Amino acid sequence: ENPVPAIGTTSTYSSDFTTGKDGWALNTQQGAAGSASVSAGKLCVSLTNGGSEAWHAQLVKNGITLEQNNVYRVSFSMQATTKRSATFYVGKASDPWNAYGGYSSINLTDQESSLVYSFKKNEATDNAARLVFDLGKSTVGVVISNIKVEPLV
């Protein structure tokens, strides 16, 4: 039998936003505009212009260390002010800006959802990887909480 991998004893990254935005930034370009703030332990993003591409409004957390050949589980809770889609990925924070575990499409509603993604880091160890939510092409706001990146061992 193949046992289910156990969760590592320590998280690679975790935030409940009790101390602020914890290094998360809303990066906008090509006319996209918005802001990120924290309320009641949740990161809230409002968008006044979503731009014309999903990556024109990106919620990003840099500086995540991911080791080669490790399997990681990323979990978070997320909701929108009304129905919308978004894309989540973990990837390289410089050219070629690739995703390590693929791109995950998320369909959101005004009900909070708990989401979990797993991936194997096949590429070389990256001490400066990033977590990314592509939020462009929409002005519907989102709320994110309880973000965690954990190695599976």
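The following refers to the structure shown. These figures come from a predicted structure and were not determined experimentally. In this convention, every chain numbers its residues from 1, walking through the sequence in written order. At least 70 in pLDDT is required for a residue's local features to be given in this predicted model, at least 80 for side-chain atom pairs to be given and counted, and no such filter applies to totals for whole chains, interfaces and linings, which use all residues. Side-chain measures here rest on the full set of heavy atoms in the structure, leaving out hydrogens and waters.

**So, the pattern of salt bridges**
Logical step 1: A pairing counts as a salt bridge when a side-chain nitrogen of Lys or Arg comes within 4 Å of a carboxyl oxygen of Asp or Glu. Overall, the coordinates contain 3 salt bridges when judged by the stated rule.
Logical step 2: Residue K42 is joined to E112 by a salt bridge in which the shortest nitrogen-to-oxygen separation is 3.1 Å. You can see K42 sitting in strand β4 (residues 42–49) and its partner E112 sitting in the loop between β8 (104–108) and β9 (113–120), a full 70 residues away along the chain.
Logical step 3: Linking E150 and R73 is a salt bridge whose minimum nitrogen-to-oxygen distance equals 3.0 Å. Within this pair, whereas E150 is found in strand β11 (residues 142–152), its partner R73 is found in strand β6 (residues 71–80), the two being separated by 77 residues in sequence. Helix and strand definitions here come from DSSP, where helices need a minimum of 4 consecutive H or I residues and strands a minimum of 2 consecutive E residues; each element is numbered from the N-terminal end.

**So, the nonpolar core**
Logical step 1: To form a nonpolar core, buried Ala, Val, Leu, Ile, Met, Phe, Trp, Tyr and Cys residues must be joined to one another through side-chain atoms within 4.5 Å. Only protein chains enter the accessibility calculation, which uses a 1.4 Å probe. A residue is then buried if its area is under 20% of the maximum for its type, exposed if over 50%, and partly exposed in between. By size, the foremost hydrophobic cluster in this structure holds 35 residues, and its most contacted members are L59, F76, M78 and F133.
Logical step 2: A total of 5 residues in this core trace back to one element, the largest contributor, which is β6.
Logical step 3: The criterion used for residue contact is that any of the two residues' heavy atoms lie within 4.5 Å. Excluding residues within four positions of it along the chain, F76 makes contact with F88, I106, S113, S114, L115, Y117, F133, I144, S145, N146 and I147.

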